[in-house]
Each structure stands twice: as C-alpha cells, then as structure tokens.
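Chain and residue survey
What follows is each chain in one-letter form.
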Amino acid sequence: MKIFIACLFMFVGFSSFGQSQDEKAVNNLVENYRLALIDPTEKNLSALVHDQLTFGHSSGKMENKAEFLEALISGKSNFNSVEFKDQTVTISDNVALVRHKMHAEITENEKNNNINLGVLLVWKKQKSGWKLIARQAYKL
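In this text, all values refer to a predicted model and were calculated from it rather than measured experimentally.

1. Describing the overall build of the protein
Looking only at helices and strands, one finds four helices and six strands in the protein. Along its sequence from the N terminus, the protein presents helices and strands in the succession α-α-α-β-β-α-β-β-β-β. Sorting the 140 residues of the protein into buried and exposed places 33% on the buried side. Long-range pairs, those at least 24 residues apart, make up 50% of the contacts in the protein with a sequence separation of at least 6. Carbon and sulfur atoms provide 55% of the accessible area of the protein, an area that totals close to 8,800 Å².

And the structure:
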C-alpha cells in the first residue's frame, strides 16, 4: 500500500510538470473565456480580449472587438451552455495557439440551436498578460 501511495504522489507530481506556467495561465484564461460566453459582461470579456481582436465565425462572418462584445452583451448571441473538448495548447514565444472542439447550446432570434465546431484561439502575451487576439471556428 505504501508503494502505491508513493507512486500516486510521484505521478501527480510529475503530471504537474507537464505544463509550463504559460500553459497553465492560458488554460485558465480559456476557462474564463468559456464562462464569459455563458455569463457575458463587458468587464469579464474586455479583460480577456485584445483591442485588435479578429473573431471569425464558422459562417465566415468576422467581428472586431466592439462587435464581438456587443453581440454577447446584448444577448444577440446567447450561450446557454458551452463545453470545450480535446483541447491542446501550443506556445511559441509570446503566442499561444489553442485548439479544441466546442459543443454549445445557443439561442439566437428566439431559436435554440446546438453547435459543434472546431475552434482555433490565438492568444498574445503582453505586459498585462495573455489576451485573445484571434479566433476562427469551422464546422465539424
């Protein structure tokens, strides 16, 4: 039993070394972004996104920061639930590429819709921390 417990602690300890501080920070911000989609406020969204945000939808529609914020805060795009799966994070210098599958229930024009998308998020590290500078979704 002691050997099992020792092995368990070693596994937990080594698994925490698998992520760099930047990877942990980006993963935390992606989770904050997911939560902000469900409960959007100008404060929580603005804290996450870069002023030069380019937000690409799977339909081909593109939004800047102001358009992105307005769509969520006004309720035009109302996320009832959002789940990210199969997420990977790749960091090179001050850029983080995050890929995941997004499963969400959204209400638009009083109509519920389930969406399943592939998503690429691009985060840029600044003095103030990581900011989402680009997002592109594609249909699965």
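2. Things to note about the packing of aromatic side chains
If you walk through the whole model with that rule in mind, you get two aromatic pairs. Here tyrosine 33 and phenylalanine 84 contribute two aromatic rings whose centre-to-centre distance is 6.2 Å and whose plane-to-plane angle is 20°, an arrangement assigned as stacked. Linking tyrosine 33 in helix 2 (residues 21-38) with phenylalanine 84 in strand 3 (residues 78-92), this pair joins segments that are 51 residues apart in sequence. For tyrosine 33, a relative accessible area of 3% puts it in the buried group. Note on phenylalanine 84: relative accessible area 16%, which makes it buried. Considering the side-chain rings of phenylalanine 55 and phenylalanine 68, the 4.5 Å spacing of their centres and the 35° angle between planes classify their relative orientation as tilted. Highlighted residues: phenylalanine 55 in strand 1 (residues 49-56) and phenylalanine 68 in helix 4 (residues 65-73), separated in sequence by 13 residues.

3. Focus on the pattern of salt bridges
Applying the stated criterion across every chain yields a total of seven salt bridges. Residue glutamate 63 is joined to lysine 61 by a salt bridge in which the shortest nitrogen-to-oxygen separation is 3.6 Å. When its relative accessible area of 7% is taken as the criterion, glutamate 63 is described as buried. Linking aspartate 86 and lysine 101 is a salt bridge whose minimum nitrogen-to-oxygen distance equals 3.4 Å.

Criteria and cut-off values
- Residues numbered from 1 in each chain as written.
- Predicted model: local features only at pLDDT ≥ 70, side-chain atom pairs only at ≥ 80, totals over all residues.
- Heavy atoms only, no water.
- Helix = DSSP H or I, 4+ residues; strand = E, 2+ residues; numbered from the N terminus.
- Buried < 20%, exposed > 50% of the residue type's maximum accessible area, 1.4 Å probe, protein only.
- Contact = heavy atoms within 4.5 Å.
- Areas by Shrake-Rupley, 256 points an atom, 1.4 Å probe, with all protein chains shown as cover.
- Phe/Tyr/Trp six-rings, centres within 6.5 Å; stacked < 30°, edge-to-face > 60°.
- Salt bridge = Lys/Arg side-chain N within 4 Å of Asp/Glu carboxyl O.

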